[in-house]
Amino acid sequence: ASSPKYLTGDKASINEFIDKFDTFLFDCDGVLWSGDHVFDRVPETIMMLKARGSSPLTSHPSCAFNSYSSPSGKRTVFVTNNSTKSREDYLQKISNLHIPCEKEDVFGSSYSAAVYISRILKLPPGKTKVFAIGEAGVEKELAAEGIPCLGGTDPNFRRDMTPKDFQALADGTALDPEVGVVLCGLDFHINYLKLSTALHYLRRGAIFLATNTDSTLPMHHSFFMGAGSIMIPLQYASGTKPLELGKPSQAMMDAVEGKFQLDRSKTCMVGDRLNTDIKFGIDGKLGGTLHVLTGVHQKEDWDREDAVAVPAYYADKLSDLAVVA
Ligand code: PLP
Ligand code: CA
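For clarity, every value in this text was computed on a predicted model and none was experimentally measured.

1. Details of the nonpolar core
Judged by nonpolar contacts, the single largest core of 33 residues is most densely connected at Phe17, Phe26, Leu32 and Leu290. Elements with a minimum of two residues in this core: α1 (11-19), β2 (23-26), α2 (42-50), α3 (87-96), β14 (267-271), β15 (288-292) and β16 (313-315). In terms of residue count, α2 provides more of this core than any other element does, four residues in total. Core analysis: the second largest hydrophobic core is formed by 23 residues, Leu186, Leu193, Ala198 and Tyr201 among them.

Below is the structure:
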């Protein structure tokens, strides 16, 4: 693949870049913020993109009726693999950081999974329940789609396994016969009971889904166990791979496209991770991918021979686009 184009202080090339697209899909952590720290001038950058069609340049009377006078600016969508939060939770977080956003602009991996289960999977009657490994974000999004859910944050699964539990799983009395899906997301209370229960559902034919398969969770300038690393033991024990619903899965891209009526050729994915964000955009045949260097992957990562994806553009940080504001 050819080298990415570096977007830096030059207004003309940044304008040209922005003008290619009508929609920007933003990864969140590592692009907009790190943990609870919003990166400098990110709110202004998103505002600039949203206001783009009515910027002083394009709303000048001399061009008020020409093709540059689009009444609405760029569409900005926040696409995150974080399954622990619902869209509502994310909206709260994004708004608290003063980034302009509405609930409909948020697309998380728990929502992606819930939409996939309710609208794409045709679960037979009597097999409509989900056994979830995950936090409240998974439960809330399943509930919003009217999907009954077991496991999750239920305290009855957040405990040590007893000899009775072994027996009840083995003979099936601990299992709900209506469970048709095992959904695995990041669970900060993962334990032997939950994994063993999920395994028993899988062995009885439940469909295996994962909200996302991030190997690690970057936090506090370090790396913790990601959703994928929680899921792998289940894949190993059951001998089946889950269908992934987060980036880079094209199931998520299809869902985003359906919801936002994307013109893929005019959409740009912005991210910090090559194997999730940039691969997501490339596999989805989007018009562009922009890699920012404020997160997980750096230039060396796409220079490597075995680089999993190479972006079309890169910038040191997202707010470098704001030079045109
Ligand atoms: N999963 C969890 C639980 C997270 O907390 C995060 C980042 O905050 C992610 C995944 C990665 O999210 P993103 O796709 O926005 O980088
Ligand atoms: Ca990220």
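2. Section: the coordination of the calcium ion (ligand 2)
Coordination sphere of the calcium ion (ligand 2), protein contribution only: Asp27 (OD), Asp27 (OD), Asp29 (O) and Asp272 (OD), at 2.3 to 2.9 Å. Owing to a relative accessible area of 27%, aspartate 29 belongs among the partly exposed residues under this scheme. Take aspartate 272: its relative accessible area is 3%, and that puts it in the buried class.

3. Observations regarding the pairing of strand β11 (residues 216-219)
Pairing geometry for β11 and strand β12 (residues 222-225), over four bridges, is antiparallel. Bridge pairing in β12 places threonine 216 opposite methionine 225. Following β11, the chain reverses through two residues before pairing antiparallel with β12; histidine 220 in that reversal takes a positive phi of roughly 50°.

4. Let's talk about the packing of helix α7 (residues 192-203) against helix α8 (residues 227-238)
Running from N to C, α7 and α8 point in directions that differ by 45°, and their axes come no closer than 10 Å. It follows that α7 is oblique to α8 by the angle criterion. The element α7 and its partner α8 pack so that their crossing is right-handed. Only Ile230, Leu234, Ala237 and Ser238 of α8 make contact with α7, whose side of the interface consists of Leu195, Ala198, Leu199 and Leu202. Here the contact of α7 with α8 is built from residues that sort into seven nonpolar, one polar and no charged.

5. Quick look at the pattern of salt bridges
Counted under the stated rule, the structure contains 21 salt bridges. We note a salt bridge from lysine 259 to glutamate 104, for which the minimum N-O separation is 2.8 Å. With lysine 259 in helix α9 (residues 250-260) and glutamate 104 in the loop between α3 and β6 (106-108), this residue pair connects regions lying 155 residues apart in the sequence. The exposure class of glutamate 104 is partly exposed, given its relative accessible area of 44%. Its salt-bridge partner being glutamate 257, residue arginine 264 comes within 2.9 Å of it at the nearest N-O pair. A relative accessible area of 28% means that glutamate 257 is categorised as partly exposed. By sharing partners, the salt bridges in this structure join Asp27, Lys247 and Asp277 into a single network.

6. Some points on the packing of helix α4 (residues 109-120) against helix α5 (residues 136-144)
Geometry of a packed helix pair, given as the angle between the helix axes and the separation of the axes. Running from amino to carboxyl end, α4 crosses α5 at an angle of 35°, the nearest separation of the two axes being 8 Å. As α4 packs across α5, the resulting crossing turns out to be right-handed. Here α4 contributes Ser110, Tyr111, Ala114 and Ile117 to the contact with α5, which in turn contributes Gly137, Val138, Glu141 and Leu142. Class assignment of the residues belonging to the contact of α4 with α5 gives a composition of five nonpolar, two polar and one charged.

Conventions used here
Within each chain, residue numbers correspond to sequence positions counted from 1 in written order. Numbering of ligands from 1 and lettering of chains from A proceed in the order in which they are written. With pLDDT at 70 or above as the cut-off, local features in this predicted model cover only qualifying residues; side-chain atom pairs require 80 or more to be listed or tallied, and sums for whole chains, interfaces and linings still use all residues. To obtain the side-chain values, all non-hydrogen atoms of the structure were included, while hydrogens and water were left out. In this text, buried Ala, Val, Leu, Ile, Met, Phe, Trp, Tyr and Cys residues form a nonpolar core when linked through side-chain atoms within 4.5 Å. Burial here depends on accessible area, computed with a 1.4 Å probe over protein chains only, as a share of the maximum for the residue type. Under 20% is buried, over 50% is exposed, and the range in between is partly exposed. Working definition: helices are DSSP H or I runs of at least four residues, strands are E runs of at least two. Numbering for both runs from the N terminus. Water is not among the atoms examined, so metal sites may look incomplete; donors are the N, O and S atoms within 2.8 Å of the metal, or within 3.2 Å for Na, K and Ca. Each pair of strands is called paired provided DSSP finds at least two bridges between the two strands. To define axes, lines are fitted to C-alpha atoms, for helices over the stretch in contact only, and angles between the resulting N-to-C directions are given on a 0 to 180 degree scale. Roughly parallel here means an angle under 35 degrees, roughly antiparallel means over 145, roughly perpendicular means 65 to 115, and every remaining angle is called oblique. Left-handed is the label given to a crossing in which the near helix is rotated counterclockwise from the far helix by less than a right angle, and right-handed is the label when the rotation is clockwise. Contact between two residues is taken to exist if any of their heavy atoms lie within 4.5 Å; hydrogens are not considered. Under the scheme applied, nonpolar residues are Ala, Val, Leu, Ile, Met, Phe, Trp, Tyr, Cys and Pro; charged residues are Asp, Glu, Lys and Arg; polar residues are all the others, including Gly. We count a salt bridge whenever a side-chain nitrogen from Lys or Arg sits within 4 Å of a carboxyl oxygen from Asp or Glu.

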